[in-house]
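Listed below, chain by chain, are the residues.
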Amino acid sequence: MTGTAPQQQHHRHEESVEGGVALTALLVAAARAIETHRDDSLAQDPYAEHFVRAAPVCAHWPVRIQQVPDGDDDPLWGRFARYFGLRTRVLDDFVLRAVHTGARQLVLLGAGLDTRACRLDLPGDCVVYEIDQTEVLAFKHRVLAGLGAASKAQRVTVGVDLRADWVGALTEAGFDSAAPSVWLAEGLLFYLPGQAETYLVDTVHRLTTRGSAFAYEAKVEKDLLAYRDSRIYTATRERIGIDLLRLFDGGPRPDSAADLTARGWSTTVHTPFDFTHRHGRGPLPEPNDALEGNRWVFAHKPRP
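The structure displayed is predicted, hence computed values, not measured ones.

Caption draft 1: Spatial organisation of the pairing of strand β2 (residues 127-132). Counting buried positions along β2 yields 6 of 6 residues, so the element is predominantly enclosed. Every second residue of β2 is oriented toward a common face, with Val127, Tyr129 and Ile131 on one face and Val128, Glu130 and Asp132 on the other, all of them buried. Inspection of the sheet shows strand β1 (residues 105-109) paired to β2 by 5 bridges, in the parallel sense. Residue pairing in the sheet places Leu109 in a bridge with Ile131 of β2. In the sheet, β2 pairs with strand β3 (residues 154-159) via 6 bridges, with the strands oriented parallel. Along β3, the bridge assignment pairs Tyr129 with Val156. Taken together, β2, helix α5 (residues 134-147) and β3 constitute a β-α-β crossover, and its handedness is right-handed.

Written out as structure tokens, the structure reads:
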């Protein structure tokens, strides 16, 4: 794969891609595979199904909606997967707009099995920094290398847990805080304690110059357990063994969007359903809805 730097060797809190929070990256990969093969696809990720097939724990998961008996009525591989497909499309568009206006550094916080470096039409002078645990990045690299995947942009993997000194590792990898950048925290903050979210957002603010952009996903419900019987959580737990409520941090959440606004960022907050209506595809609200408290935050640090 072109543009791939040697991985930084930080092993603290490392875990296999088939366990814990890292397993959710495979869930999202399966969802992206299903989205890719839809006739009305919102996002294309030709690598996603190969991650699913490469990991024994999920080799039997569906990668096409036709493999799901109840189709879109299935709460896991229908509705939840469509949610991830919609999120992928929305954040793809966000990245491409930021790059079009001059950002040449993309930082993926908790990158997981994100393949934007390979599948988006990024300029050759763009650098994509992928921050995640070493084993997750190594698994991704093995699969992509086996496929002969290549990217126009330079891809730099930064193998470090976000609970360790990821700022130092990112800087050592070449990130330039004086140049505009675009940051994504996709499906990440749910798993971090509130103070860790605050630190992460503060750090993004500190490491970015004007003309930078930041998008992330957050939850606003005060009691996650209020949705413990939702169809999405139940199906994910019982059918593929991922108990999201045990993985999510249950403590109080900060209002990071308000904090960014107070620091001069231009910030907007949307529900996923806003984009369902915009694109004409995606999940709509339902009773006892685990997606009801999800918010997608888009922030820009204005130019002078």
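There's plenty left to go through after this.
Caption draft 2: Geometry of the side chain of Thr276. Tracing the chain through its elements places Thr276 in helix α11 (residues 272-279). Discounting residues that sit within four places of it in the chain, Thr276 has contacts with Leu86, Arg281, Gly282, Pro283 and Leu284.

Caption draft 3: Geometry of helix α3 (residues 75-100). Relative to the 38 Å expected for 26 residues at 1.5 Å per residue, α3 spans 36 Å between its end C-alpha atoms, a close match to the ideal helical length. Among the 26 residues that make up α3, 21 are buried, leaving the element largely enclosed by the rest of the structure. Its side-chain oxygen at 2.9 Å from the backbone nitrogen of Leu76, Asp74 defines the N-terminal cap of α3. Of the residues flanking the end of α3, it is Gly102, one or two places downstream, whose phi is positive at about 120°.

Caption draft 4: Fine view of the pattern of salt bridges. Tallied over the entire structure, the rule returns 28 salt bridges. Across the pair Asp289 and Arg79 runs a salt bridge, and its minimum N-O distance is 2.8 Å. With a gap of 210 residues between them, Asp289 in the loop between α11 and β7 (294-300) and Arg79 in helix α3 connect regions that are remote in the sequence. In this structure, Asp289 and Arg79 share a single accessibility class: buried. With a shortest N-O distance of 3.1 Å, Arg89 and Asp93 are connected by a salt bridge. On the criterion of helical spacing, the pair formed by Arg89 and Asp93 is a turn pair, its members being 4 residues apart in helix α3. Assessed through its relative accessible area of 24%, Arg89 is described here as partly exposed. Asp93 gets classed as partly exposed once you look at its relative accessible area, which sits at 23%. Via salt bridges that share partners, Arg32, Asp45, Arg87, Asp92, Asp114, Arg116, Arg119, Glu186 and Glu217 belong to a single interconnected network.

Caption draft 5: Geometry of the packing of α3 against α11. The interhelical angle for the contact between α3 and α11, taken along N-to-C directions, is 80°, at an axis separation of 10 Å. Regarding the angle of α3 to α11, the classification is roughly perpendicular. Here Arg79, Tyr83, Leu86, Arg89, Val90 and Asp93 of α3 lie close against α11, whose contacting residues are Pro272, Phe273, Phe275, Thr276 and His279. Its residues assigned to classes, the contact of α3 with α11 shows 6 nonpolar, 2 polar and 3 charged.

Caption draft 6: Representation of the packing of α3 against helix α8 (residues 231-240) in the model. Where α3 meets α8, the closest approach of the two axes is 9 Å, and the angle between their N-to-C directions is 125°. One way to sum up the angle between α3 and α8 is to call them oblique. Every pair of crossing elements has a handedness; the one defined by α3 and α8 is left-handed. Residues Pro75, Leu76, Trp77, Arg79 and Phe80 of α3 lie in contact with α8, whose contacting residues are Arg231, Ile232, Ala235, Thr236, Arg239 and Ile240. Taken together, the residues that form the contact of α3 with α8 break down as 7 nonpolar, 1 polar and 3 charged.

Reading guide: rules and limits
Residues numbered from 1 in each chain as written. Predicted model: local features only at pLDDT ≥ 70, side-chain atom pairs only at ≥ 80, totals over all residues. Heavy atoms only, no water. Buried < 20%, exposed > 50% of the residue type's maximum accessible area, 1.4 Å probe, protein only. Helix = DSSP H or I, 4+ residues; strand = E, 2+ residues; numbered from the N terminus. Pairing = 2+ DSSP bridges. Right-handed = clockwise from strand over helix to strand, strands pointing away. Contact = heavy atoms within 4.5 Å. Expected span 1.5 Å × (residues − 1). Polar contact = N/O pair within 3.5 Å; in protein donor to acceptor, adjacent residues only side chain to side chain. Salt bridge = Lys/Arg side-chain N within 4 Å of Asp/Glu carboxyl O. Axes fitted to C-alpha atoms, helices over the stretch in contact; angles between N-to-C directions. Parallel < 35°, antiparallel > 145°, perpendicular 65-115°, else oblique. Nonpolar A, V, L, I, M, F, W, Y, C, P; charged D, E, K, R; others polar. Left-handed = near helix turned anticlockwise from the far one by under 90°.

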